[in-house]
Every structure is written in structure tokens, then in C-alpha cells.
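One letter stands for each residue in the lines below.
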Amino acid sequence: MEHNTSTIEKAVINKAISFILYNLEEDISVDDVSSFCGVSKYHLNRVFKEETGEALYEFIKRNRIERSAWRLKVEKDKSVTEIGSDYGYSPSNYATEFKKSLHISPTRFRKESEERVELSSFSHGLKLDDMDRMEKNITVESLDDMFVLYERKRGNYHEMPTVWREFIEKYSHLKTPSTLYIECTMDDPSITDEDSCLYEICQTIDPGDKRIKEENLFVKRIKGGKNAVYHFKGKPQFMYMVYQEIFCRWLIKTGNEMDCRPILDIYRTVKEDGYMEIDIYFPIK
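Notes on the structure follow. (Residues numbered from 1 in each chain as written. Predicted model: local features only at pLDDT ≥ 70, side-chain atom pairs only at ≥ 80, totals over all residues. Heavy atoms only, no water.)

### Topic: helix 2 (residues 30–37)
Next up, step 1: What helix 2 keeps buried is the set Val30, Val33, Ser34 and Cys37. Down the axis of helix 2, the sector holding all buried residues measures 95°, keeping them to one side.
Next up, step 2: Where the residues of helix 2 are buried, they touch helix 1 (11–21), helix 3 (41–52) and helix 4 (56–74).
Next up, step 3: At the C-terminal side of helix 2, Gly38 shows a positive phi close to 75°. (Buried < 20%, exposed > 50% of the residue type's maximum accessible area, 1.4 Å probe, protein only. Helix = DSSP H or I, 4+ residues; strand = E, 2+ residues; numbered from the N terminus. Arc of directions from axis to C-beta. Contact = heavy atoms within 4.5 Å.)

### Some words on the packing of helix 4 against helix 6 (residues 91–102)
Next up, step 1: For the pair helix 4 and helix 6, interaxial distance at closest approach is 10 Å and the crossing angle is 100°. One way to sum up the angle between helix 4 and helix 6 is to call them roughly perpendicular. Listed contacts from helix 6 to Lys61, Ile65, Glu66, Ser68, Ala69 and Leu72 of helix 4 are Tyr94, Glu97, Phe98, Ser101 and Leu102.
Next up, step 2: Partitioning the contact of helix 4 with helix 6 into residue classes produces 6 nonpolar, 2 polar and 3 charged. (Axes fitted to C-alpha atoms, helices over the stretch in contact; angles between N-to-C directions. Parallel < 35°, antiparallel > 145°, perpendicular 65-115°, else oblique. Nonpolar A, V, L, I, M, F, W, Y, C, P; charged D, E, K, R; others polar.)

### Quick notes on unusual backbone geometry
Next up, step 1: Of note in this structure, His103 is not a glycine but carries a positive phi near 60°.
Next up, step 2: The topology assignment puts His103 in the loop between helix 6 and helix 7 (106–119).
Next up, step 3: Given a relative accessible area of 66%, His103 falls into the exposed group.
Next up, step 4: One non-glycine residue, Asn216, adopts positive backbone phi at about 55°.
Next up, step 5: Among the secondary structure elements, Asn216 is positioned in the loop between helix 9 (211–214) and strand 6 (219–222).

### With respect to the pairing of strand 7 (residues 225–234)
Next up, step 1: Where strand 2 (residues 138–143) lies against strand 7, 6 bridges are found, and the strand directions are antiparallel. Bridge assignment links Ser142 to a residue of strand 7, and that residue is Lys226.
Next up, step 2: As judged from the 8 bridges shared by strand 7 and strand 9 (residues 276–283), these two strands associate in the antiparallel manner. Across the sheet, the residue bridging to Gly234 is Met276, located in strand 9. (Pairing = 2+ DSSP bridges.)

### Section: the pattern of salt bridges
Next up, step 1: Enumeration according to the criterion identifies 24 salt bridges in this entry.
Next up, step 2: Between Asp188 and Lys73 there is a salt bridge, with the nearest N and O atoms lying 2.5 Å from each other. Within this pair, whereas Asp188 is found in the loop between strand 4 (181–185) and strand 5 (197–204), its partner Lys73 is found in helix 4, the two being separated by 115 residues in sequence.
Next up, step 3: Under the relative-accessibility criterion, Asp188 is labelled buried at 8%.
Next up, step 4: Of the charged contacts in the structure, one is a salt bridge between Asp279 and Arg268, with a shortest N-O distance of 2.9 Å. With Asp279 in strand 9 and Arg268 in strand 8 (residues 263–270), the pair connects residues that are 11 residues apart, well separated along the chain.
Next up, step 5: With a relative accessible area of 12%, Asp279 lands in the buried category.
Next up, step 6: One salt-bridge network, in which partners are shared between bridges, spans Glu25, Arg71, Glu75, Lys78 and Asp86. (Salt bridge = Lys/Arg side-chain N within 4 Å of Asp/Glu carboxyl O.)

Right, dumping it as C-alpha cells:
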């Protein structure tokens, strides 16, 4: 089945994206990114635009605003001014840049954030009130570090089933009885353009496997630590609302706070009829 999801294939672009996403609250510039990647900013600007369709500076600016929007939804105990300030904006500049990017003021966005969640194509008609009894499926656990091969994707989460089938088939020769399949979602489709969401699909691999170098695989270590784990059982179309219930209500209700590690979906069971058992790891401090 055809899809429009693209793979970030250049190592330098993956390195640049990782640096940006982990430093959004810092005052990073194109010069900072190019210096980290060890290439000239002119070269990096050119290949970044070729690979992603977006200018490097615009990518930084957009992600800073979208990350701040996510925090407006999640960190309801912090003021709009305080969150904007974390990204280097004065109150007036923050409101201007936020509205330019998301076509709504930050104050109104916060007020309407749950409504935006429920209007998303990913909600499948569910309301957040339908999710209020999900707490019984949540445990707090410590996760060990994991070493994985991965591909970073840019596209619509609706296309994930097809993308996953291609990935599993491509790397089936590296599968062992202990292999885990893991998804790292980086964008919230109630904020980011649904067709431009970044995510990673991963497969655990032994760091000593010689095929990593032979096949020039992208690999990394996923950092473990403390997580709130939602033990999901059902059809995958309902996972979006699990995420949003955690973001919009559970965190503030329980006093927990997420840290900068990615959210992980670890697949435990996948059946032909679409039924899945997935542990969703929300990193908490």
C-alpha cells in the first residue's frame, strides 16, 4: 500500500534534528546546530531543506512554538508568560509568534486545548470524559536502557500500520526471540500538522552485532528511567485518546511531571484482527 510518509535518511540531518529537539528550551541558532554537526551552516541549510522540505531556522522556530503549546496544555499550573519565557519570548512577542504559527493566541489555545483534542481526526469520536477511569491501567515503573536500530519518519500517524509492516519486513533478518518493537512519537497531532509529524520506529539489537556497521544502520541507546506506564489492550485507533488523557488530566491530577525523554510505545502483542497489547511509557521526573 502506498503512503506519503518519508524517511530521514541522511545521518547529518538525523543528528541535527536530535540536537534541536533536545535543546528547544535553549537559545539555539543555525550556527549552533551546524557546529554540533561538524558541517558548514550553508551545507546544512541546503541538505536540511532537501531532506525535510523545511528550512532549518523555520524548523527550530516551529518546534519551539509547538513544544510550548504542548506545555500550555500539560502544565496548567504554569502561566502563559512563564512558559513563553522558557523559550526566550517576552509576553507580547510570544503571543505574536504563537498566533503566527498556530493561528490562535496562547491564552485561547490553553482554554480550548481539550476541545481541539476531541475534534482531531485521531479521536474517533471519543471524549476525554470517556477516558476518566483509565487510571487502573497505569503503573509507575523503572525501564532499563535499550539499544535499538531505528528509522526516523515524517508523515501522518494514520499511515503507521503500513510503515511498520515495511520496517518489520526490511529488518526481519535481524530479529531474534527477544526482539522488541518500539515506537517513539515526537509530535502531538492536535498541535503539529497531521501530515508532518515526526516519529521513530525501532527494533532492539545487540550493540555488538557486526551487521550494524556492515549495513550502515542508524542505531542509538534509548535512555531508561522512571515512567508512568499505561497498559493498553485494544485497537490502536484508541491510543491517541490515552495519550491525551495523560497529557490533559492525569499529570496535573497526580502532580507528576514529564521530563525530556521520548514517549515510548513497546509492542507486546499484535494480532491479525488489529487487537494489540502495548505498554506506553510516559517518562516522568
